[in-house]
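Tertiary structure, described
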Amino acid sequence: MIASRRLVVLALIAGLAWPAFAQPGPTGATGTTGATGATGATGATGPQSKPGAGRANRPRLVGPGQVPGSTGPTGATGATGATGASLLPTQGLPEIMVKRERTRLWTLRADVTIGQMASVVGDQIVRDQPQTMVIRNANIVFPVPLRFAHGQFVPGPDFTSDLRLEGNTVSKQSSFIEGYPAGGRFARWTLQNVEAKTMRLSVQVPYSCARVTVDEKLARLVPWPASLPPVAASALKPQFGVEFTEQMGYTRPKDPKFPSADVQAAETDKLIKKMIEQWTNKQDPKKIAPYDLAKFLAGQVAQAVQVTGNGFNANRDGSLQGFELRGAYATLNEGRGGPHDLACALVAVYRAAGIPARTVIGLDATGDRDNGRLSGRSGGREKLVSWVEFALIDPATTQEIWIPVDIVRIKNASSRARDISQPWPYFGTHSDLDAYIPIGFHFHPPTTVSAFGSPAMWGWNVEPTIASMEQSVNFYAYQTPITVRPEKNDPNAPQTPNR
């Protein structure tokens, strides 16, 4: 009894009324509990819950039978969240809520090669008849995100590129183009009046990456926003690989019977909203704070999808061609998909629930910290990974606060959804993000460019059209040497490479 009273006092002091999870009444509605989760002393309730259901008012996720209800008297995580928002700092919320520590400097290297097709005959790799590309005009793009939840692009001379035709450098100059959905930014190279049998683009991009710790007490106080800033608003829009899988160009054979992107996106949204209704027992998911809803939905998606395969397509010679993506509809409808599909499914669920979200594709260097050299595959363990970021909106500044969710690691850690009132490894707080090097937010650039065979994050517009070539991609990373010694005992200073 004393312990229970202490919990009540602490909850009232902090202004935190965690979302109540009660059994539905006869009409399907849940009881609205007070801060203690009692039977009506501090807040009106519905029918009597099962024994122990109100113990410390701890919400638990056990499937559709227990669903989000409204909050207690403080209203900290209710639909408007006015009381909770008033407890938030009016300045510096992003830095206070999401702390970065143990920053590492990395250089990502990406190589994209296109050329004639290759065949495997016995143990020999035989190249098909060389095809000459006649290029009158071409624009080539590759992602270079400026900022992400655990770090940012490092401007300066360490960003380099080398565009080669048949082994000869034709350009080292690029420009940046911005304003793409979910904060996408791309580097662009141009070609004019050239002929070649092969093209190779090599890009080296410096990033700073840090471990992330999220203050969940503050995160739970962030209310649903009245409006969204432009980047967050764009992170609600359909995206290739997430809400639809058809794409212009060579990433998919053209089929007039294949549904358009808009039709696919509408069907995906319809399916997911039906699933959310089932998970929440048809209650309004916005009755709880966006952070808690995001955690609840992550648990449901992790339970709903069985991970199969690696999500990659290979060329006939075994080189990496690009990603194999099923889309959120097939992944959730059939309950299975690759690791990248799992991330796409969660992003689609977040968007359907009104939470801005984006995919992040990058390299996981946690298993190779010493030499840091990575490729698409290493020792049988895939190094290319996808995770998710969703946005909370600072009510004082309307600034996005991106929260990382490594749904694949969450799935691997536990096949059952857990209590959302407790911290989850890889949800928000993530001790390995200092070794997660981003590549981009889109599996295929969200613009009118094409690729060959599979989406591989790059694309080009070329005139005249080139019908068929083979592409291969490789990604590497190494820790960038530090030329300035960091201050002693500074946890946020970049760490020296482990050599």
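Residues numbered from 1 in each chain as written. Predicted model: local features only at pLDDT ≥ 70, side-chain atom pairs only at ≥ 80, totals over all residues. Heavy atoms only, no water.

Focus on the packing of aromatic side chains
How we decide: Here a Phe, Tyr or Trp ring, Trp counted by its six-membered ring, pairs with any other such ring whose centre lies within 6.5 Å, and the pair is stacked when the planes are under 30 degrees apart, edge-to-face when over 60, and tilted otherwise. Strands here are runs of E lasting at least two residues and helices are runs of H or I lasting at least four, both read from the DSSP assignment and numbered beginning at the N terminus. Accessibility here uses a 1.4 Å probe with only protein chains present; expressed as a share of the type maximum, an area under 20% marks a residue as buried, one over 50% as exposed, and anything in between as partly exposed.
Enumeration over the complete set of coordinates arrives at 17 aromatic pairs. Between Phe148 and Tyr207, the ring centres sit 5.7 Å apart and the planes meet at 75°, which makes this aromatic pair edge-to-face. Within this pair, whereas Phe148 is found in strand E7 (residues 147-148), its partner Tyr207 is found in strand E13 (residues 199-214), the two being separated by 59 residues in sequence. For the pair shown, Phe148 and Tyr207 are each scored as buried. Consider the rings of Phe153 and Phe176, whose centres lie 5.9 Å apart with planes at 70°: the pair is edge-to-face. Taken together, the positions of Phe153 in strand E8 (residues 151-153) and Phe176 in strand E11 (residues 175-180) put the pair 23 residues apart, joining distant regions of the chain. Exposure remark for Phe176: the relative accessible area of 35% places this residue in the partly exposed category. Cluster of aromatic residues (ring-pair linked, three or more members): Phe148, Phe153, Phe159, Phe176 and Tyr207.

Brief notes about the pattern of salt bridges
Heads up, the condition is: By definition here, a salt bridge exists when the distance from a side-chain nitrogen of Lys or Arg to a carboxyl oxygen of Asp or Glu is within 4 Å.
The full count for this structure, using the stated rule, is 17 salt bridges. With a closest N to O distance of 3.9 Å, Lys172 and Asp162 form a salt bridge. One end of the pair, Lys172, is in the loop between strand E10 (168-171) and E11; the other, Asp162, is in strand E9 (residues 160-165), with 10 residues separating them in the sequence. Overall, the relative accessible area of 12% leaves Asp162 in the buried class. Where Arg211 meets Asp434, a salt bridge forms, and the shortest distance between an N and an O atom there is 3.6 Å. With Arg211 in strand E13 and Asp434 in the loop between helix H10 (407-413) and strand E23 (436-440), this residue pair connects regions lying 223 residues apart in the sequence. Judged by its relative accessible area of 30%, Arg211 falls in the partly exposed class. Looking at Asp434, the relative accessible area reads 0%, which means it is buried.

A few points about the packing of helix H8 (residues 327-334) against helix H9 (residues 339-352)
The cut-off we apply is this: Lines fitted to C-alpha atoms define the axes, with helix axes restricted to the stretch in contact, and inter-axis angles between N-to-C directions lie between 0 and 180 degrees. Roughly parallel refers to an angle under 35 degrees, roughly antiparallel to one over 145, roughly perpendicular to one between 65 and 115, and oblique to any angle outside these ranges. By the convention used here, residues are in contact when the closest approach between their heavy atoms is within 4.5 Å. Residues are grouped as follows: Ala, Val, Leu, Ile, Met, Phe, Trp, Tyr, Cys and Pro are nonpolar; Asp, Glu, Lys and Arg are charged; all remaining types, including Gly, are polar.
The contact between H8 and H9 brings their axes to 8 Å, and the two run at 100°. By the angle between their directions, the pair H8 and H9 is classed as roughly perpendicular. Note on element contacts: H9 touches H8 through Asp341, Cys344, Ala345, Ala348 and Val349, opposite Gly327, Ala328, Thr331 and Leu332. Partitioning the contact of H8 with H9 into residue classes produces 6 nonpolar, 2 polar and 1 charged.

Focus on the packing of helix H6 (residues 261-279) against H8
Our working rule: Should the near helix be turned anticlockwise from the far one by less than a right angle, the crossing is left-handed, and should it be turned clockwise, the crossing is right-handed.
The contact between H6 and H8 brings their axes to 9 Å, and the two run at 35°. Judged by the sense of rotation from one axis to the other, the crossing of H6 with H8 is left-handed. On H8, the residues that touch Glu267, Thr268, Leu271, Ile272 and Met275 of H6 are Ala328, Tyr329, Leu332 and Asn333.

As for the environment of Asn193
Of note, Asn193 is situated in strand E12 (residues 184-196). Note on Asn193: relative accessible area 65%, which makes it exposed. Put simply, Asn193 and Ala138 are 55 residues apart on the chain and 9.0 Å apart in space, counted from C-alpha to C-alpha. Setting aside chain neighbours within four positions, we find Asn193 in contact with Ile135 and Arg136.

Some details on the environment of Val141
Note on placement: Val141 falls in strand E6 (residues 133-143). Using a relative accessible area of 5% as the deciding quantity, one classes Val141 as buried. In this structure, the C-alpha to C-alpha distance between Val141 and Gly459, residues 318 residues apart in sequence, is 5.6 Å. Those residues in contact with Val141 that sit more than four places away from it in its chain are Ile177, Phe186, Ala187, Arg188, Trp189, Pro445, Val449, Trp458 and Gly459.

Concerning the sheet that holds strand E24 (residues 459-463)
For clarity, the cut-off: Paired strands, as defined in this entry, are two strands with at least two bridges between them according to DSSP.
Strand order in the open sheet formed by 4 strands is E11-E12-E6-E24, and the pairing between neighbours is antiparallel. Edge strands, defined here as strands with exactly one partner in the open sheet, are E11 and E24. Strand after strand, the sheet turns through a mean of 30° between neighbouring axes, direction not considered.

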